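Understanding the architecture of this molecule
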Amino acid sequence: MTAVSFYDTKPYDREYLLHAAAPEDAAANWHFHEFRLTAETAATAAGSRAVCVFVNDRLDRECLRKLADVGVRHVALRCAGFNQVDLPAARELGVAVTRVPAYSPHAVAEHTVALLMALNRKIHRAHNRVREFNFSLAGLVGFDLHGKTVGIVGTGKIGRCTAQIFRGFGCEVIAYDPFPQNEWANENKVAYAAFEDLLARSDILSLHLPLTPETNHLLNAGTLGRMKRGAYLVNTSRGRLVDTHALIQILKTDHLGGVALDVYEEEEGIFFEDHSSHGLQDDELSRLISFPNVLITSHQAFLTHEALTEIARVTVANLQAGPSGAWLDGTLLT
Ligand code: NAD
């Protein structure tokens, strides 16, 4: 295999990637970095034909040009989303970009529901109390999911799984997607509706759409204000779908019942790292964390054994195919 530089890697990434590869290839040719790939760090790819990156690396035009200058011909994303790569620039520079289009939609869908359940039934707060031998139930009242209306924005792989889980709870599920899956919706008793209807009717609104220039800040002061009073918002997709400043303002008014986030618009450089000994520099994230009805995880919805195994399998197959260009079906972006 050709030489590869891996960025933003953690012990679990290395473990699964090495397991998916021939050990002798990996040991000789793979360079694992803990820091992220940006224009500032791109020179460290010198000597590699491929780089392997994750959600918070930043492959803008300048970074890609520097990569091409040092001989990189392949960017292998070990994730599904690709908003962190300037694809037109990659195309112009002759750099192939591959991704892992689907690994385990169940991992993300199940985490979405886990976050909502924990927030609604206040499991995180109850756990902290019990550890201090405080068995009081005051302030821990939740609501039944059964019979509630859930709005799913984006009925792709993850949105459909999430919708089906909520159907299993006995929820009414309504959905918005510019490309509706009518057969699936009929089979699962999911009703498509306009986005504005989802805002007005959903007790729980869950985001499962990609980040694009059009969907940036889809949830802003206006749309957040049109959500049903007391509704819960769940975002396990991409941070920039939600305007954080507007979210904080609306949380201050008590208009929303709760907010569960696995992603945050300024998560780059914060999520995946331990900041416990030097504090948090990001005031908006600190403010969000301070609300009792906000629950945040650090982009961990994908983190299951099954998802990591599949991500590693597809990524390694693409890295091995690199020189011949025989990428796995559906993985090549440009
Ligand atoms: P997908 O491509 O299968 O589905 C996306 C759906 O969104 C499509 O049906 C598309 O038509 C729809 N869509 C596009 N624009 C829309 C709009 N304006 N309004 C409503 N729907 C719109 O993608 P997926 O695999 O289901 O992933 C969904 C999201 O989850 C992506 O943002 C991805 O980046 C994110 N994700 C997060 C994690 C995590 O660990 N938190 C892991 C994997 C994926």
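Residues numbered from 1 in each chain as written. Predicted model: local features only at pLDDT ≥ 70, side-chain atom pairs only at ≥ 80, totals over all residues. Heavy atoms only, no water.

So, the pattern of salt bridges
For the structure shown, the criterion picks out 14 salt bridges. Here lysine 66 and glutamate 62 are joined by a salt bridge, their closest N and O atoms 3.4 Å apart. Of this pair, lysine 66 and glutamate 62 both sit in helix 3 (residues 61-69), four residues apart, roughly one helical turn. Linking aspartate 69 and arginine 65 is a salt bridge whose minimum nitrogen-to-oxygen distance equals 3.5 Å. Highlighted residues: aspartate 69 and arginine 65, both in helix 3, separated by four residues, approximately one helical turn. Take arginine 65: its relative accessible area is 40%, and that puts it in the partly exposed class. In the salt-bridge network here, residues are joined through shared partners; they are Asp8, Lys10 and Glu273. (Salt bridge = Lys/Arg side-chain N within 4 Å of Asp/Glu carboxyl O. Helix = DSSP H or I, 4+ residues; strand = E, 2+ residues; numbered from the N terminus. Buried < 20%, exposed > 50% of the residue type's maximum accessible area, 1.4 Å probe, protein only.)

Some points on the site of the ligand
Looking at the ligand, there are 24 residues lining it, with Tyr103, Lys157, Ile158, Asp177 and Leu209 nearest. With respect to the ligand, the side chain of aspartate 177 contributes an N or O atom lying 2.6 Å from an oxygen atom. In the environment of the ligand, an oxygen atom lies 3.2 Å from a nitrogen or oxygen atom belonging to the backbone of phenylalanine 302. Relative to its unbound accessible surface of 870 Å², the ligand loses 83% to contact with the protein. For the shell around the ligand, a count of residues per class yields eleven nonpolar, nine polar and four charged. (Near = heavy atom within 4 Å. Polar contact = N/O pair within 3.5 Å; in protein donor to acceptor, adjacent residues only side chain to side chain. Areas by Shrake-Rupley, 256 points an atom, 1.4 Å probe, with all protein chains shown as cover. Nonpolar A, V, L, I, M, F, W, Y, C, P; charged D, E, K, R; others polar.)

A word on the domain arrangement of the chain
For the chain, the assigned domains read domain 1 (4-103 + 305-321) and domain 2 (105-296). Computed from C-alpha atoms alone, the centre-to-centre distance between domain 1 and domain 2 is 30 Å. Taken together, the contact between domain 1 and domain 2 spans 13 residues of the former and ten residues of the latter. For the pair domain 1 and domain 2, the summed buried surface comes to about 1,000 Å²; carbon and sulfur atoms form 51% of the total. Where domain 1 touches domain 2, the interface holds three salt bridges. Between arginine 58 and glutamate 268 there is a salt bridge, with the nearest N and O atoms lying 3.1 Å from each other. The interface formed by domain 1 and domain 2 holds five residue pairs in polar contact (both at pLDDT 80 or more) in total. Here the side of domain 1 that touches domain 2 is composed, by residue class, of six nonpolar, three polar and four charged. (Domains from an automatic or database assignment. Contact = heavy atoms within 4.5 Å. Buried area = accessible area lost by both parts, 1.4 Å probe.)

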